[in-house]
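So you can see what is in the structure, the chains are spelled out below.
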Amino acid sequence: MKQLEAIVHPLVEQERAKFMQQHAAAGRTLLLFDIPLLFETKAQQGLDAVVVVSAPADVQRQRVMARPGMTAAKLDAILARQVPDEEKRRLADYIVDTGCSMQQTRQQVIELIRELRRRQGTAAARVLGSAVGQ
């Protein structure tokens, strides 16, 4: 897996940089990236803001276990490879809490977009779900 990641991750980063350059040239002021394993791969470098999308651990577990084919052992293996949610929250510039209603979550996102648009310059924001069901 490490060999594959060593090949794929640099190519993905090149494409991301190209994407950012193209959109900056087109005058886009807000870009959004959904980057799996953001902190684990240090991919947050070069982004103006990091948004962690998260729910309480019990809600995450319930959502993931409802997925077809998911087992507790698979979930534990996924979580073992990830930066803990508490650490992601600490490293984030913004947090969207999805442990509430869809309407409340939507309102948080609307307010976040307003805040990011108020910031000067281009804001490349990353919405991070911990890949275990936010």
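Residues numbered from 1 in each chain as written. Predicted model: local features only at pLDDT ≥ 70, side-chain atom pairs only at ≥ 80, totals over all residues. Heavy atoms only, no water.

### Here we look at the nonpolar core
Under the convention used in this document: Put simply, a nonpolar core is a bunch of buried Ala, Val, Leu, Ile, Met, Phe, Trp, Tyr and Cys residues held in one set by side-chain atoms that sit within 4.5 Å of each other. Buried, partly exposed and exposed residues are distinguished by accessible area as a fraction of the type maximum, computed with a 1.4 Å probe on protein chains only: under 20%, between the cut-offs, and over 50%, respectively. Helix and strand assignments come from DSSP, with helices taken as H or I runs of at least 4 residues and strands as E runs of at least 2, each series counted from the N terminus. Pairs of residues are marked as contacts when any of their non-hydrogen atoms sit within 4.5 Å.
Leu-31, Phe-33, Ile-35, Leu-38, Phe-39, Ala-43, Leu-47, Val-50, Val-52, Val-83 and Ala-92 together form the largest nonpolar core, which totals 11 residues. If you list the elements that add at least two residues to this core, you get strand 1 (30-33) and strand 2 (49-54). Beyond its immediate stretch of four places on either side in the chain, Ala-92 contacts Phe-39, Val-50 and Val-52. The next biggest cluster of nonpolar side chains, apart from the first, holds six residues, and it includes Ala-49, Val-51, Leu-112 and Leu-116.

### What about the packing of helix 2 (residues 57-65) against helix 3 (residues 72-80)?
Defined as follows: For helices, the fitted line uses only the C-alpha atoms of the stretch in contact; every axis is such a line through C-alpha atoms, and the angle between N-to-C directions lies from 0 to 180 degrees. Any angle between 65 and 115 degrees counts as roughly perpendicular, while under 35 counts as roughly parallel, over 145 as roughly antiparallel, and the rest as oblique. Whether a crossing is left-handed or right-handed is set by the direction in which the near helix is turned from the far one by less than a right angle, anticlockwise for left-handed and clockwise for right-handed. Think of it as three bins: nonpolar holds Ala, Val, Leu, Ile, Met, Phe, Trp, Tyr, Cys and Pro, charged holds Asp, Glu, Lys and Arg, and polar takes everything else, Gly as well.
Where helix 2 meets helix 3, the closest approach of the two axes is 10 Å, and the angle between their N-to-C directions is 125 degrees. One finds that helix 2 runs oblique with respect to helix 3. Every pair of crossing elements has a handedness; the one defined by helix 2 and helix 3 is right-handed. Of helix 3, the residues touching helix 2 (which contributes Arg-61, Val-64 and Met-65) are Ala-72, Leu-75, Asp-76 and Leu-79. When grouped by side-chain class, the residues that make up the contact of helix 2 with helix 3 number five nonpolar, no polar and two charged.

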